[in-house]
Amino acid sequence: MIRRGKGVGCMWYPIGFTVAANPSAATVKVNEDGTATLLTGTVETGQGSLTVLAQIAAEELGVSTDDIHVVSADTDTTPMDTGAIASRTTYVTGNAIKLAAENAKKILFEVAAPLLDVQPNQLEAVDRKIQVQYFPQRCLPIADVALQAQFVMGRPPIGSASYNPPTVGMDPETGQGKPFSTYVYATQCAEVEVDDETGEVDVIYMSAAHDCGTAINPMLVEGQIEGGISMGIGFALQEEMLFDDKGRQLNPNLTNYIMPTSLDMPEIDVDIVENFDPTGPFGAKGVGEPTAVPTAAAICNAIFDAVGVRITSLPATAEKVLRAIKEKNNSEQKFIPAAE
Amino acid sequence: MVDEVKVAEKTEKLESLRKIDDNLRLPSVPERIAFPKEIGVSAARMQTPAVGQRATRPDGRMHGLGQTKYIDDMFFPGMIHAKIKRAGIAHAKIKSIDVSEAEKMPGVMATLIGSEIPVNSFGPSLQDQPLLADDVVRHAGDGVAAVAAVTEQQALDALDKIKIEYEELPNVFDPVEAMKENAYKIHNNESNVYATKTIMKGDVEKGFADSNFIFERTFTTQMVEHVPMEPHASIGQWDANGRVTLHSSLGRITLGRADIARTLELPINRVRVIATIVGGNFGGKNEITTEPIIALLSKKTGRPVKCVFTREDEFISSTTRHPFVMEYKTGMSKEGKIMARKVRLICDGGAYCSWSETTLGKACILSAGPYNIENLHVDAYAVYTTKTMTGAMRGFGAPQVCFAYESHMDDMAAELGIEPLEIRLQNAFNEGSASPTGQVLEAVVVRDSLEMATERFGWKEWQR
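Quantities reported herein were computed from a predicted structural model and do not represent experimental measurements.

Q: Is there a simple way to explain the overall build of chain B in this structure?
A: Counting its secondary structure elements, chain B contains 14 helices and 15 strands. The globule rule puts the C-alpha radius of gyration for 464 residues at 23 Å, and the 28 Å found for chain B is more than 25% above it. For chain B, buried positions account for 57% of its 464 residues. Counted over contacts in chain B with a minimum sequence separation of 6, partners at least 24 positions apart contribute 80%. Accessible area of chain B: about 20,000 Å², with a carbon and sulfur share of 51%.

See the structure below:
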């Protein structure tokens, strides 16, 4: 019989390295036409980080995402970066980029101030313009200011900066300390169908609510969450590297190491929890790793709700679930002596 | 007389054969991929302010049109191919390696063994891993020799000709067994435990004494692979000035460059690492793998050398997710408040440290869950075993401990007759809560996420 169940999994996760320094540096070069080039040492690993980083630079310069071209991941040309690890790119590299763009913008403001007859600290960069705060009609296109800066004033608007999240070392005896600058929180809920005759588990629906501070690009956040859930489903139900008694792997191929495919994916609803972290770039934190964290917990709790068995060892394969169901049924059976 | 029927049959047969041949024959010049020259940019990319926009990715267009160049798509003039010989034996002393037969094989241009690498060790915390094992093999996927040949197939054929004599050593597969004093010491250390972490907060014994109920359960998790779409790949080019350029699928180039320079004994400014668009990382590409090996093969041959892992290489020789053994003991009040928690984590660290120390640290801090627990004691150990090494993988120990603490939570909720959502809301961090390490937490939204996800799910109205 197919039995349905619901389960919840909740988690917290830090951004950046545990105590250890993990700096990022960045350079932003504003071109003569107001577009800009961003140099970063981080690596695009498919998550869309370069787009998010371009958005951060664009926001600081008051231009659009498309106005930023990103050059990345070449040790000869790009500044140092600790890399695409520890869910740190948006937060740490993003902060470095925001500071670098701020430095480039400072040059633009200093060049624009006399032209607009104000002090540099009265200016803001909005909508491809350098304008006076609270008096937007006095403004100049950013392109004009950048051209003026480079070719008239001889001050190319280039900014560089670095960022390292502040931490406090942990006591070796008690572990007390401030190992991370910030954390994110998330909950996922799973609805499963368990066949109590075969032990097979089918995840039919998941809802996920993740905190990532400000979502710099909500579409990419959703993509990360859906990808994380697929990885979480593999971890919960299917994937396992097996070894023979000599320590050699038995299934080093995708025929026998079973990953979830698109056909295994449930319907997913994603929500982004509204939050703002004052230490992040425009309030952003990160979302990469946390998305794969609570999925297995939610699914195993849903199995427990459906058939009343607690899976204590992952993955919850059909064999394991069926064995647990049988054990439970056996222990519940009462011994009735035969009638004499 | 000509049998016309027979001739017709023969022509037809020839024609069909020719067709098959045409279908099989690859075009000598690949068809040009046409793409629209006028580029329509999505409105979200043009919008200001930029933050919060659903901006599309410029690389998405390249992927969609098949224009992205991954390492395997790159060719350089004169480029040759490298393959790595795997030990195939989990734990053994290497008595001898003979590559002379392999070097005589057709197409083979160079071989490399561990003793030829200037500094044959690397690792982010402990430099305990050889690039090519030269003394002891500690897991079956350990590389023992490399071959560079004109084609991949020639390199593969040559691998079979490499003769290695092993002296088998005892295997240690179970991390709990490996922790025991009498276990065989895989790295000749005093113990196979190579990292320990502790967190102590409040007074657990008093907390347990004050509890109405005490729950205990042990959880375990398995070893899994990252399985990125693109396997590890790199191309090395040693130039006439003694400078090496590496196109690599590394996820962290700055530290990778330092590691490569260290193993090759080169000044850092003579190493250039270019990471192309990486086809999935998930933590598996956070450290060097074959880069110094192909750099040296390129130095030996004067040719660009490419090495792309097969899926099997990826499984047996790259890092994986740590299996954990997690013992949980939690004291609860009858109202459902967590009074005290004791956790013992044993992480199967595999043959080499890699990122295990960091993983253990994160798992240790996160193991209590996003809950207010005044009395907490966590002990965590990373242990060597003679299995594929475990390292960084999306979540750094968090998916393992989350599976344990959340399963444990529902166990307790069921015993106490409290709704799973209620017990979580009752114990969840608030704004200003102190973390297990005593850090005051800000911008805490555990409750909001619990309420949002369950509301979307329809948790309260849900019916079986």
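Q: Quick question: what am I supposed to make of the overall build of chain A here?
A: For chain A, the count of helices and strands is six helices and 11 strands. Computed over the C-alpha atoms, the radius of gyration of chain A is 27 Å, more than 25% above the 20 Å expected from 2.2 N^0.38 for a compact globule of 340 residues. Referenced to the eigenvectors of the C-alpha coordinate spread, the extents of chain A come out at roughly 110 × 45 × 45 Å. Counting across all 340 residues of chain A, residues that qualify as buried make up 59%. Restricting to contacts in chain A with at least 6 residues of sequence separation, those with at least 24 account for 70%. When the accessible surface of chain A is totalled, it reaches about 13,000 Å², and 52% of it is carbon and sulfur. A distance of 4 Å separates the average location of the 22 positive side-chain charges in chain A from that of its 44 negative side-chain charges.

Q: Sorry, what's going on with the interface of chain A and chain B here?
A: Where the parts come together, the accessible area they lose is often given as the size of the interface. Listed per partner, the contact involves 120 residues of chain A and 114 residues of chain B. Taken together, the two surfaces of chain A and chain B that pack against each other cover about 9,400 Å², and 59% of this comes from carbon and sulfur. A per-residue breakdown of the area chain A buries against chain B is headed by K6, W12 and T75 of chain A, which together make up 8% of the total. Here chain A is connected to chain B by nine salt bridges. Linking R45 of chain B and D66 of chain A is a salt bridge whose minimum nitrogen-to-oxygen distance equals 2.7 Å. The tally of links between chain A and chain B comes to 65 residue pairs in polar contact (both at pLDDT 80 or more). For the side of chain A that touches chain B, the element with the most residues is strand β1 (residues 2–15) of chain A, which contributes 11 residues.

Q: Whenever I open this one, the sheet that holds strand β8 (residues 213–220) of chain B confuses me. Can you help?
A: The strands making up a sheet are joined through hydrogen bonds of the backbone, oriented either antiparallel or parallel. Residues and elements named next belong to chain B. Across the sheet, which stays open at both edges, the five strands sit in the order β7-β15-β14-β13-β8 with mixed pairing between neighbours. Sheet topology places β7 (193–201) and β8 at the edges, where each strand pairs with a single neighbour. Sheet twist, expressed as the average angle between the axes of neighbouring strands with direction ignored, equals 5 degrees.

Q: Would you mind going over the sheet that holds strand β3 (residues 36–40) of chain A with me for this structure?
A: Residue and element names in this part refer to chain A. Strand order in the open sheet formed by four strands is β4-β3-β2-β8, with mixed pairing between adjacent strands. Both edges of this open sheet fall to β4 (68–72) and β8 (158–163), since each of them pairs with a single strand only. Averaged over all adjacent pairs, the angle separating strand axes in this sheet is 20 degrees, with direction ignored. Two strands pair when backbone bridges link them, and strand β2 (residues 24–30) and β3 are joined in this way by five bridges, in the antiparallel orientation. Considered in β3, the bridge of V30 is made with A36. Along the sheet, helix α1 (residues 49–61) makes contact with β2, β3 and β4, crossing β4 at roughly 130 degrees.

Q: Explain the packing of aromatic side chains here, please?
A: Each aromatic ring pair is summarised here by two numbers: the centre-to-centre distance and the angle between the ring planes. Going through the model one piece at a time under the given rule, you end up with 14 aromatic pairs over all chains. Taking 5.6 Å as the distance between ring centres and 40 degrees as the angle between the ring planes, the aromatic pair formed by Y205 of chain A and F457 of chain B counts as tilted. Here F457 of chain B lies in helix α14 (residues 446–457) and Y205 of chain A lies in strand β10 (residues 201–211), a pairing that spans two chains. Given a relative accessible area of 10%, Y205 of chain A falls into the buried group. When its relative accessible area of 7% is taken as the criterion, F457 of chain B is described as buried. Linked through ring pairs, W12, F180 and Y183 of chain A together with F429 of chain B together constitute an aromatic cluster. The ring of F75 of chain B carries the charged tip of K306 of chain B above its face, separated from the ring centre by 4.2 Å. Residue placement shows K362 of chain B over the ring face of F396 of chain B; its charged tip is 4.7 Å from the ring centre.

Q: Got a minute to help me understand the domain arrangement of chain B in this structure?
A: All names here are of chain B. For chain B, the domain assignment lists domain 1 (73–168), domain 2 (175–225 + 320–457) and domain 3 (233–312). Across the contact, 12 residues belong to domain 1 and 17 residues belong to domain 2. Among the residues domain 1 hides against domain 2, the three largest losses belong to D128, R138 and H139. Together they make up 43% of the total. Applying the counting rule to domain 1 against domain 2 returns zero salt bridges. Counting every contact that joins domain 1 to domain 2 gives four residue pairs in polar contact (both at pLDDT 80 or more).

Q: So what exactly am I meant to see when it comes to the domain arrangement of chain A here?
A: Residue and element names in this part refer to chain A. In terms of domain boundaries, chain A breaks down into domain 1 (2–14 + 183–330) and domain 2 (24–162). A straight line from the C-alpha centre of domain 1 to that of domain 2 covers 39 Å. Between domain 1 and domain 2, the residue contacts involve 16 residues of the former and 15 residues of the latter. Carbon and sulfur atoms supply 62% of the area that domain 1 and domain 2 bury against each other, a total of about 1,200 Å² over both sides. Taken as a group, I216, P281 and F282 account for 44% of the area that domain 1 buries against domain 2, more than any other trio of residues on that side. At the surface where domain 1 touches domain 2, the tally comes to zero salt bridges. For the side of domain 1 that touches domain 2, the elements supplying multiple residues, two or more each, are β1 and α4 (218–238). Grouping the constituent residues of the side of domain 1 that touches domain 2 by class yields eight nonpolar, six polar and two charged.

Q: Just to check I follow, could you spell out the pattern of salt bridges for this structure?
A: Side chains that carry opposite charge are capable of pairing whenever their charged atoms lie near each other. All names here are of chain B. Within the structure shown, the criterion is met by 37 salt bridges over all chains. With its nearest N and O atoms 2.6 Å apart, the salt bridge here joins K387 to D348. Here D348 lies in strand β14 (residues 338–348) and K387 lies in the loop between β15 (375–383) and α12 (398–416), a separation of 39 residues in the sequence. The buried category is assigned to K387, whose relative accessible area is 12%.

Q: Looking at this model, I keep getting lost on the packing of helix α2 (residues 89–116) of chain A against helix α3 (residues 142–152) of chain A. Mind explaining?
A: Any two packed helices are characterised by how steeply their axes cross, that is the angle between the axes, and by the distance between the axes. All names here are of chain A. At a minimum axis separation of 9 Å, α2 and α3 run at an interaxial angle of 100 degrees. It follows that α2 is roughly perpendicular to α3 by the angle criterion. Here α2 contributes L108, V111, A112 and L115 to the contact with α3, which in turn contributes I142, V145, A146, Q148 and A149. In terms of residue class, the contact of α2 with α3 is made up of eight nonpolar, one polar and no charged.

What counts and how
- Residues numbered from 1 in each chain as written.
- Chains lettered and ligands numbered in written order.
- Predicted model: local features only at pLDDT ≥ 70, side-chain atom pairs only at ≥ 80, totals over all residues.
- Heavy atoms only, no water.
- Helix = DSSP H or I, 4+ residues; strand = E, 2+ residues; numbered from the N terminus.
- Rg over C-alpha atoms; globule rule 2.2 N^0.38 Å.
- Buried < 20%, exposed > 50% of the residue type's maximum accessible area, 1.4 Å probe, protein only.
- Contact = heavy atoms within 4.5 Å.
- Areas by Shrake-Rupley, 256 points an atom, 1.4 Å probe, with all protein chains shown as cover.
- Lys, Arg positive; Asp, Glu negative; His and termini not counted.
- Charge placed at Lys NZ, Arg CZ, Asp CG, Glu CD.
- Buried area = accessible area lost by both parts, 1.4 Å probe.
- Salt bridge = Lys/Arg side-chain N within 4 Å of Asp/Glu carboxyl O.
- Polar contact = N/O pair within 3.5 Å; in protein donor to acceptor, adjacent residues only side chain to side chain.
- Pairing = 2+ DSSP bridges.
- Axes fitted to C-alpha atoms, helices over the stretch in contact; angles between N-to-C directions.
- Phe/Tyr/Trp six-rings, centres within 6.5 Å; stacked < 30°, edge-to-face > 60°.
- Lys NZ or Arg CZ within 6 Å of the ring centre and 35° of its normal.
- Domains from an automatic or database assignment.
- Nonpolar A, V, L, I, M, F, W, Y, C, P; charged D, E, K, R; others polar.
- Parallel < 35°, antiparallel > 145°, perpendicular 65-115°, else oblique.

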